[in-house]
Amino acid sequence: MQILLIGPNGSGKTTQAKLLSNYLQIPLIETGQILRDIVAEDSSLGREVKKIINSGVLVSDELISKIVKEKLEKLQNGFIATGFPRNLRQVEDLNINFDRVFYLQIPDEKVIERLTKRGREDDSREAIEKRLMIYHQQTEPLLDYYSRLGILENINADRNIEEIQEDLRLKLKWLK
Ligand code: AMP
């Protein structure tokens, strides 16, 4: 099963993806985490990625394609994806046949409130706002794309972790 969780930063997509990965016993691929691991290596690529991430803009589609394709080659029994594809170019480059795409829906004000509390290194006010803007411009068009394919499910992400997870599992039951 190939599942995508899509939503703005602060929608809880990573938390939900981890829980789902555990529940379904299939691996999680999260580009944000992979990039943060690259930053931790302190290589020249790491330093470059760090600058990009901390300013709130996206890293290049080429880098994402390379990273994701390497990961996908090793996986046969499905995966949970989050953080990618993040724009239509990546949809095209990666060409993944998702069985279901879950859209974690949450108002901008809630995202800002949650992220300000989280306090991660890349969570400056400017970066938060920039990422939201890019999300609306570049990632939201994917919703229309997956909706046309008939695989999009809307999830109200303005609830507690358990409720959202339960909702996701319930919606997945129809797939199994
Ligand atoms: P995230 O943990 O998904 O919020 O990602 C953190 C940061 O990593 C983002 O703000 C981007 O700079 C970068 N990033 C993660 N995934 C992607 C992607 N698919 N394409 C481009 N940049 C990404």
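The structure under discussion appears in the preceding block.
About the cut-offs
Residues numbered from 1 in each chain as written. Predicted model: local features only at pLDDT ≥ 70, side-chain atom pairs only at ≥ 80, totals over all residues. Heavy atoms only, no water. Helix = DSSP H or I, 4+ residues; strand = E, 2+ residues; numbered from the N terminus. Contact = heavy atoms within 4.5 Å. Axes fitted to C-alpha atoms, helices over the stretch in contact; angles between N-to-C directions. Parallel < 35°, antiparallel > 145°, perpendicular 65-115°, else oblique. Left-handed = near helix turned anticlockwise from the far one by under 90°. Nonpolar A, V, L, I, M, F, W, Y, C, P; charged D, E, K, R; others polar. Pairing = 2+ DSSP bridges. Buried < 20%, exposed > 50% of the residue type's maximum accessible area, 1.4 Å probe, protein only. Near = heavy atom within 4 Å. Polar contact = N/O pair within 3.5 Å; in protein donor to acceptor, adjacent residues only side chain to side chain. Areas by Shrake-Rupley, 256 points an atom, 1.4 Å probe, with all protein chains shown as cover. 1 Å grid on protein atoms, 1.4 Å probe; cavity = no way out; pocket = protein on both sides within 12 Å on 5 of 7 lines; lining within 4 Å. Sits in = over half its atoms within 2 Å of the grid points.

### Observations concerning the side chain of D122
Turning to step 1, where the next piece is worked out: In this fold, D122 is placed in the loop between α6 (108-118) and α7 (125-139).
Turning to step 2, where the next piece is worked out: The contact partners of D122, leaving out residues within four places of it in the chain, are R36, I53, N54, A127 and R131.

### A look at the packing of helix α1 (residues 13-24) against helix α9 (residues 161-173)
Turning to step 1, where the next piece is worked out: Closest axis-to-axis distance for the α1/α9 pair is 10 Å, and the angle between their directions is 50°. Judged by the inter-axis angle, α1 sits oblique to α9. Once α1 is placed against α9, the crossing between them reads as right-handed. Between α1 and α9, the residues in contact are T15, Q16, L19, L20, Y23 and L24 and I161, I164, Q165, L168, R169 and L172, respectively.
Turning to step 2, where the next piece is worked out: Each residue belonging to the contact of α1 with α9 can be placed in one class, and the counts come to eight nonpolar, three polar and one charged.

### With respect to the sheet that holds strand β2 (residues 28-30)
Turning to step 1, where the next piece is worked out: Taken together, five strands build an open sheet; the order of strands is β2-β3-β1-β4-β5 and the sheet is parallel. With partners counted over all chains shown, the strands left at the sheet margins are β2 and β5 (152-156), one partner each. Each adjacent strand pair in this sheet contributes to an overall mean axis angle of 20°, direction not counted.

### Overview of unusual backbone geometry
Turning to step 1, where the next piece is worked out: The step from F84 to P85 runs through a cis peptide bond, and the omega angle for that step is -10°.
Turning to step 2, where the next piece is worked out: Position of P85 among the secondary structure elements: in the loop between β3 (79-82) and α5 (88-94).
Turning to step 3, where the next piece is worked out: Positive phi values are uncommon outside glycine, yet D42 reaches one of about 60°.
Turning to step 4, where the next piece is worked out: Along the chain, D42 turns up in the loop between α2 (31-40) and α3 (44-55).
Turning to step 5, where the next piece is worked out: Overall, the relative accessible area of 51% leaves D42 in the exposed class.
Turning to step 6, where the next piece is worked out: Although it is not a glycine, N95 sits at a positive phi angle of roughly 50°.
Turning to step 7, where the next piece is worked out: Secondary-structure assignment places N95 in the loop between α5 and β4 (100-105).

### Here's the deal with the environment of Q76
Turning to step 1, where the next piece is worked out: Within the secondary structure layout, Q76 lies in the loop between α4 (61-73) and β3.
Turning to step 2, where the next piece is worked out: Using a relative accessible area of 69% as the deciding quantity, one classes Q76 as exposed.
Turning to step 3, where the next piece is worked out: When the C-alpha positions of Q76 and I26 are compared, they lie 9.9 Å apart, and in sequence the two are 50 residues distant.

### Comments concerning the site of the ligand
Turning to step 1, where the next piece is worked out: N9, T31, V57, G83 and Q90 are the nearest of the 17 residues found near the ligand.
Turning to step 2, where the next piece is worked out: Side-chain polar atom of R36 to an oxygen atom of the ligand: 3.0 Å apart, as the coordinates give it.
Turning to step 3, where the next piece is worked out: Computed on the free molecule, the ligand has an accessible area of 480 Å², of which 98% lies beneath the protein chains in the complex.
Turning to step 4, where the next piece is worked out: Here the ligand occupies the largest pocket.

Remember that the coordinates give geometry; whether it matters functionally is a separate question.
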